[in-house]
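Letter by letter, the chains look like this.
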Amino acid sequence: MDIITRFASSFAGLWRNRRRPQNEDAFNNRIQSNHDPEITAHQVKKYLQANPDFLDGFVMDEIQLEQLERWMIRKTQRTRKVTQTEKNGRKTSLSRWKFCVHADKRQMLQDLIHSLQLRPTKMHVLWELANCICSAVNADGFRLYLTDATEAESLHLCLSNSFIDENGDPKPLQIKSDAVLPNYVAKVRENLRLSRGDVDHRFPRDLLDRSEMAHVMCQPIVYPDGSLVAVLELWRRDCGAPFYEEDEEIGCSYLVWGGIAIHYAHLNLVGLKQRKLNDFLLAVVKSIFQDMVSMEMLVSKIMNFAQRLVDADRASLFLVDSKSKELYATIFDVGCDSKATKTENETDPSKAPNEIRFPLGTGIAGQVALTGEVLNIVDAYADPRFNRSIDQLTGYKTESILCMPIFIRGSVIGVVQMVNKRTGCFNKEDEEAFEMFAVYCGLALHHAKLYDKIRRSEQKYRVALEVLSYHNTCTDAEVEQCLEVGIPQKIPGVDSYDFSPFDIDDHQKALYSVFMFKDLFGLGRFDQNSIIRFTLTVKKNYRRVPYHNWTHGFSVANTMYSIIKNCGAVFRPNECLALFIGSLCHDLDHRGKNNKFMLDTEAPLAAIYSTSTMEHHHFNQTVTILQQEGHNIFAKLNSSEYKQVLSLIKHCILATDLALFFPNKAKLTNLVDEEKFSWTISEHRMLIQAIAMTGADLSASAKPWEVQTETVKVIFAEFYDQGDEEKKAGRKPIPMMDRDQPDQQAASQLGFLTGICVPCYTLLHRLIPETKPMLNMCNENLKTWQKIANENAK
């Protein structure tokens, strides 16, 4: 008899005491006309088939929810081809069902959502889900077997409804489960029901004989993608009934929604971990670029986070010493608890090791450093690669280890080692998170090493500067000697363009320089001792090269002194100061090689200054001398004047680069030719200062012939030295610098005077007529070189 017949029988019994709705009149008239005292099931069935609206209203008004649930389950069973019920011939008893309480699953979903909001962890969602199913199927208890990330088909953590902490939260047991039924379900991913005494070829007959569990049902809990989360084991005692297929249906209906909740709980956990990792990585990057500290502090910061990242009890970082082929660590106990730190070494500080060192390939860390592969060790003492000496040294017991290499440019620079995970063993998630972390560890350590190198280099630079300043700074005895000899009160002919620098020695040149400074600027704004000290140190910082030496520096300063003395007030006081000091210092620390040679040989100076290489260096040397104690001749100038004078000195020294002479000359010539030059315009004054500096620098060509020829000798001596260096480097020097072509001297001088010197003095004379003697002498020397060149050509 089908379900509608059963309903008709029930309906016939209920009909007599029914409420009479208005649409029953037709049915009553029919009964009265047939004079049928009893309503048969067939009549009811026929009527209901013809009037489905009446059936719908009656069910909604008269039938209890529990009865509807029974009908739904029976109907579901009928639609199956083969069911366990049919095989066993069991008559379903539904009196025990609790499912009707949760027939509307909205309550269950609301509970899960609430649980996710309060405690968004997979463990709590599983706990809530298991409790709901246990109640729904009227089980006496349950156990949850959780999978381990490292072994997907092995159940390691057992969670029972009887294990909760003082707060009522689930408390997982730290045990590996060997339960047969849950492990089987984990493997096959299928539901399983078993009762004591059942014969099942898959399991021993006495599987439940020694257990309080008389009836068991196991169900896999999976993510939406099908991967296993856990196995739920429900059980009943002897007094309870076996689990039937409808119990599975109930459990599955919960697990569909519960699996989604667990999935999102897992995503939430992953998101939290990722956010935590991202926050730290941001902190690492900030540390690298904003508040770089020592290597020790950076390592401590890295280890503290790494220990929290994978919930390890202890963290260590070993760096690779590529020279000795060793691993070493100065910080190796980050995160260790109080028991671990209370070692014998602590009571005697002299025994505490400052550093741990061991060869590559030794121990777990040594193996990782050697192979570059990640090692996840569950039992350290069972692994033959484990080096127990560290534990013996520190008094700490190592159990589980996660060890990962840190790479920079494909090479292992260190090894991070996590020891003793607080909950279980290190898993795949720990490895993945730690792998990303290790990349940033490498970046941080690499930059920290660079920072340490820079800091050490800076200290070495300071030491070198201290040593050089001692050897390249005048002594107090030299200053006292100058004061004893005294600065000349008058020097005949020193302001003449014909003055010869070869007539006095180096010490006299220093005294003459101080005299010229005092004569030009007085001592109202300057200290004589500072001037003497500055001048003596400048003398000392000119190298002993054939031409660009102290004699040349003094000669250029003397020529500029003559220009300033003879030209009246065309230059302002601070401009005069910059012109004279710039001339005196314009070739400081010259190496006897030109800028092109510096660039071609990739000299360190060329890497710092790509243009006007040596001239930039000369200015920086000037500033370095001014910064030394007792050497600041501008100390009494106010801040504005000080900045202006330094800026002008830099302009003057850079102007001695002949590469800048030609554009300067072209600009100034155009201004003069077009009668646009004005002494009131700052840019125009800067141009005439630059031309004046070139004129003073080349003043040997405007000296009497005896001084000219003596200067040319040392110039070519220096040229030939550079040519020799170029030959050693495999390059061919220009003829002027080739000592094997001495006949080129006259021709080169002829070209030099014609192309540079005469145009320079001609332009200078047009703006400062008082410099005419320099132009005249240069033209006379040009005629002499022309004669020599003509004779050589014969």
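What you see as residue numbers is a count from 1 along each chain, following the sequence as written. It should be noted that, the model being predicted, local features are given only for residues of pLDDT at least 70 and side-chain atom pairs only at 80 or more, the latter also being counted only at that level, while totals for whole chains, interfaces and linings use all residues. The basis for the side-chain values is all heavy atoms of the structure; hydrogens and waters are excluded.

**A short note on the overall build of the protein**
Logical step 1: Assigned secondary structure in the protein consists of 30 helices and 11 strands.
Logical step 2: Considering the protein as a whole, with its 794 residues, one finds that 46% of them fall into the buried category.
Logical step 3: Computed with a 1.4 Å probe, the accessible areas rest on the Shrake-Rupley method; for each residue, only the protein chains presented here act as cover. When the accessible surface of the protein is totalled, it reaches about 41,400 Å², and 52% of it is carbon and sulfur. The numbering of helices and of strands both runs from the N terminus, where a helix is a DSSP run of H or I of at least 4 residues and a strand a run of E of at least 2. Note on exposure labels: buried denotes an accessible area under 20% of the residue type's maximum, exposed denotes more than 50%, and partly exposed covers the range between, all computed with a 1.4 Å probe on protein chains only.

**As for the nonpolar core**
Logical step 1: What we call a nonpolar core is a set of buried Ala, Val, Leu, Ile, Met, Phe, Trp, Tyr and Cys residues that are connected through their side-chain atoms within 4.5 Å. Grouped together as the largest cluster of nonpolar side chains are 95 residues, with contacts concentrated most on Phe517, Val538, Leu577, Ile581, Phe634 and Leu668.
Logical step 2: Counting residues per element, this core draws most heavily on helix α29 (residues 744-767), which supplies 11 residues.
Logical step 3: Among residues more than four places away in sequence, those in contact with isoleucine 581 are Phe517, Phe534, Ile633, Phe634 and Ile649. It only takes one pair of heavy atoms within 4.5 Å for two residues to be counted as in contact.

**Notes on a positive patch on the surface**
Logical step 1: A contiguous patch of positive charge, built from Lys323, Lys453, Arg456 and Lys460, is present on the exposed surface.
Logical step 2: Looking at the element boundaries, arginine 456 is found in helix α16 (residues 428-471).
Logical step 3: Take arginine 456: its relative accessible area is 47%, and that puts it in the partly exposed class. Here the term patch refers to residues with relative accessible area over 30% and no salt bridge, with like charges joined within 9 Å and nonpolar side chains (Val, Leu, Ile, Met, Phe, Trp, Tyr) within 5 Å. By definition, a salt bridge exists where a carboxyl oxygen of Asp or Glu is found within 4 Å of a side-chain nitrogen of Lys or Arg. The charge count treats Lys and Arg as positive and Asp and Glu as negative. His and the chain ends do not count. A single reference atom marks each charge: NZ on Lys, CZ on Arg, CG on Asp, CD on Glu.

**Remarks on the environment of glutamine 489**
Logical step 1: With respect to the secondary-structure elements, glutamine 489 resides in the loop between α17 (476-485) and α18 (506-521).
Logical step 2: Residues glutamine 489 and aspartate 519 lie 30 residues apart in sequence; the distance between their C-alpha atoms is 9.1 Å.

**Quick notes on the pattern of salt bridges**
It is possible for side chains bearing opposite charge to pair when their charged atoms get close.
Logical step 1: A full pass over the atoms with the stated rule returns 29 salt bridges.
Logical step 2: Across the pair glutamate 641 and arginine 525 runs a salt bridge whose closest N-O atoms are separated by 3.1 Å. Here arginine 525 lies in the loop between α18 and α19 (528-540) and glutamate 641 lies in helix α25 (residues 639-654), a separation of 116 residues in the sequence.
Logical step 3: With a relative accessible area of 22%, glutamate 641 lands in the partly exposed category.
Logical step 4: Classification of arginine 525 as partly exposed rests on a relative accessible area of 31%.
Logical step 5: Linking aspartate 600 and lysine 596 is a salt bridge whose minimum nitrogen-to-oxygen distance equals 2.8 Å. Here lysine 596 and aspartate 600 lie together in helix α22 (residues 595-600), a separation of four residues that amounts to about one turn.

**Thoughts on the UniProt feature "active site" (unreviewed entry) in the protein**
Logical step 1: UniProt positions are given in the numbering used here, feature names are shortened, and annotations may be inferred rather than shown by experiment. Within the UniProt annotation, "active site" (unreviewed entry) is assigned to His548.
Logical step 2: Relative to the elements of secondary structure, histidine 548 occurs in the loop between α19 and α20 (550-566).
Logical step 3: The class for histidine 548 is buried, based on a relative accessible area of 16%.
Logical step 4: When sequence neighbours within four positions are dropped, the list of residues in contact with histidine 548 reads Tyr542, Arg543, Asp587, His590 and Glu718.

**Things to note about the packing of aromatic side chains**
Logical step 1: Two rings belonging to Phe, Tyr or Trp (six-membered ring only in the last case) form a pair when the distance between their centres is within 6.5 Å. Interplanar angles under 30 degrees mark stacking, angles over 60 mark edge-to-face geometry, and anything in between is tilted. Counted under the stated rule, the structure contains 22 aromatic pairs.
Logical step 2: Considering the side-chain rings of phenylalanine 661 and phenylalanine 662, the 5.3 Å spacing of their centres and the 65 degrees angle between planes classify their relative orientation as edge-to-face.
Logical step 3: These aromatic residues form a ring-pair network of at least three members: Phe499, Tyr512, Tyr542, Trp550 and Phe554.
Logical step 4: We call a charge positioned over a ring when the NZ of a Lys or the CZ of an Arg lies within 6 Å of the ring centre and within 35 degrees of the ring normal. One residue, arginine 314, lies across the ring of tyrosine 396, its end atom 4.1 Å from the ring centre.
Logical step 5: Its guanidinium or amino end placed over the ring of tyrosine 381, lysine 397 lies 4.9 Å from that ring's centre, counting from NZ or CZ.

**A look at unusual backbone geometry**
Logical step 1: Notably, aspartate 589 is not glycine yet its phi reads approximately 60 degrees, a positive angle.
Logical step 2: One can find aspartate 589 in the loop between α21 (573-585) and α22.

**Concerning the side chain of serine 701**
Logical step 1: Position of serine 701 among the secondary structure elements: in the loop between α27 (682-697) and α28 (705-728).
Logical step 2: Owing to a relative accessible area of 3%, serine 701 belongs among the buried residues under this scheme.
Logical step 3: A polar contact is formed between the side chain of serine 701 and the backbone oxygen of leucine 698, at a distance of 2.7 Å.
Logical step 4: Residues in contact with serine 701, not counting those within four places in the same chain, are Gln708, Leu753, Cys757, Tyr761, Met777, Cys778 and Asn781. Definition of a polar contact: a pair of N or O atoms within 3.5 Å, with one able to donate and the other able to accept a hydrogen when the atoms are protein atoms, and with sequence-neighbouring residues admitted only if both atoms are side-chain atoms.

**Notes on the environment of leucine 767**
Logical step 1: Inspection of the secondary structure puts leucine 767 in helix α29.
Logical step 2: When the C-alpha atoms of leucine 767 and valine 672 are compared, they prove to be 8.2 Å apart, with 95 residues separating the residues in sequence.
Logical step 3: The residues touching leucine 767, leaving out its near neighbours within four places in the chain, are Leu668, Val672, Phe677, Trp679 and Ile688.

**Considerations on helix α8 (residues 122-136)**
Logical step 1: Between the first and last residue of a helix there are one fewer steps than residues, each counted as 1.5 Å, and that sum is the expected span. In this model α8 runs 21 Å from its N-terminal to its C-terminal C-alpha over 15 residues, within 8% of the 21 Å that 1.5 Å per residue would give.
Logical step 2: When you tally the buried positions in α8, you get 11 out of 15 residues, the bulk of the element.
Logical step 3: Of the positions making up α8, those classed as buried are Met123, His124, Val125, Leu126, Trp127, Leu129, Ala130, Cys132, Ile133, Cys134 and Ala136.
Logical step 4: Within two residues after α8, asparagine 138 carries a phi angle of roughly 60 degrees, on the positive side.

**Comments concerning the packing of helix α24 (residues 613-627) against α25**
Logical step 1: Between N-to-C directions, angles span 0 to 180 degrees; the directions come from axes that are lines fitted to C-alpha atoms, helices contributing only their stretch in contact. In the contact formed by α24 and α25, the axes pass within 8 Å of each other and the chain directions differ by 145 degrees. When the axes of α24 and α25 are compared, the crossing they make is right-handed. Facing Glu615, His616, His618, Phe619, Thr622 and Leu626 of α24, the residues of α25 in contact are Leu646, Ile649, Lys650, Ile653 and Leu654.
Logical step 2: When residues are sorted by character, Ala, Val, Leu, Ile, Met, Phe, Trp, Tyr, Cys and Pro go into the nonpolar class, Asp, Glu, Lys and Arg into the charged class, and all the rest, Gly among them, into the polar class. The residue makeup of the contact of α24 with α25, split by class, is six nonpolar, three polar and two charged. Two helices that cross are described as forming a left-handed crossing if the nearer one is turned anticlockwise from the farther one by less than a right angle, and a right-handed crossing if clockwise.

**Quick word on the confidence of the model for the protein**
Logical step 1: pLDDT expresses how confident the predictor is about each individual residue, on a scale running from 0 to 100. On average, residues of the protein score 81 in pLDDT, and 80% of them reach the 70 mark or higher.
Logical step 2: Across residues 80-104, confidence stays below pLDDT 50; counting only partners more than four residues off in sequence or on other chains, it has 43 contacts.

**Considerations on the sheet that holds strand β11 (residues 411-421)**
Logical step 1: Pairing between two strands requires that DSSP report at least two bridges joining them. The strand order across the open sheet built from six strands is β8-β7-β6-β11-β10-β9, with neighbouring strands paired in antiparallel fashion. The sheet is open, and its two borders are formed by β8 (356-359) and β9 (375-377), each paired with just one other strand. Within this sheet the neighbouring strands show an average axis-to-axis angle of 20 degrees, counted without direction.
Logical step 2: Bridging between β9 and strand β10 (residues 401-408) involves three bridges; their strand directions are antiparallel. Across the sheet, the residue bridging to asparagine 376 is leucine 402, located in β10.
Logical step 3: Those strands touched by α16 are β6 (312-321), β9, β10 and β11, and its axis lies near 45 degrees from that of β10.

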